[in-house]
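Observations on chain architecture
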Amino acid sequence: GGDEAAVLGALEAALKPVRGGRCAVAVYYQGAAAQALLELGSDWSVRPTRAALEVLARHFGADGTRLVYHPRDQQEFLTAWGAVGGVTTLPLKMTG
């Protein structure tokens, strides 16, 4: 639908200027029937600048954007976002 396209467009616009870094990007999705941690491909790795984090926070809220320095910290943020049980991790290929 239109909302999903708008969200993906905002995500792409925020990440495109900082692509080419070494910081992997993952998106936690929670819908009525499913939840998943979507890991973007290495071609979407970024340089996490303050400006990029501010753009992400404007689109997805300050509580909806996290810079996780170590994978062991990831579950803490998923729990804070309401993830329940095991969250399936899926590789996601974005074009653009």
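Residues numbered from 1 in each chain as written. Predicted model: local features only at pLDDT ≥ 70, side-chain atom pairs only at ≥ 80, totals over all residues. Heavy atoms only, no water.

With respect to the overall build of the protein chain
Test applied: Helix and strand labels come from DSSP, where a helix needs a run of H or I of at least four residues and a strand needs a run of E of at least two; each type is numbered from the N terminus. Whether a residue is buried, partly exposed or exposed follows from its accessible area with a 1.4 Å probe, protein chains only, as a fraction of its type maximum: under 20%, in between, or over 50%, in that order. Contacts between residues were defined by any pair of non-hydrogen atoms, one from each residue, lying within 4.5 Å.
For the protein chain, the count of helices and strands is three helices and four strands. Sequence-ordered secondary structure for the protein chain, helices as α and strands as β, is α-β-β-β-α-α-β. Split into buried and exposed, the 96 residues of the protein chain put 25% on the buried side. Within the protein chain, contacts between residues separated by at least 24 positions form 68% of all contacts whose residues are at least 6 apart in sequence.

Some thoughts on the packing of aromatic side chains
Put simply, the rule reads: The rule is short: rings of Phe, Tyr and Trp, with Trp giving its six-membered ring, pair when the centres are within 6.5 Å, and they are stacked under 30 degrees, edge-to-face over 60, tilted in between. Comment: the charge-over-ring label is applied if NZ (Lys) or CZ (Arg) is within 6 Å of the ring centre and within 35 degrees of the ring normal.
Summed over the entire model, instances satisfying the criterion amount to zero aromatic pairs. Sitting over the face of the ring of Trp44, Arg19 holds its NZ or CZ atom 3.8 Å from the ring centroid.

Brief notes about the side chain of Thr65
Stated precisely, the cut-off is as follows: In protein, a polar contact requires one atom able to donate a hydrogen and another able to accept it; more generally it is a pair of N or O atoms within 3.5 Å, and residues adjacent in sequence count only if both atoms are side-chain atoms.
Residue position: Thr65 is located in the loop between helix H2 (50-60) and helix H3 (74-80). Judged by its relative accessible area of 16%, Thr65 is buried. A distance of 3.5 Å separates a polar atom in the side chain of Thr65 from the backbone oxygen of Leu56. A polar contact of 3.5 Å, which involves the side chain of Thr65, links it to the backbone oxygen of Gly61.

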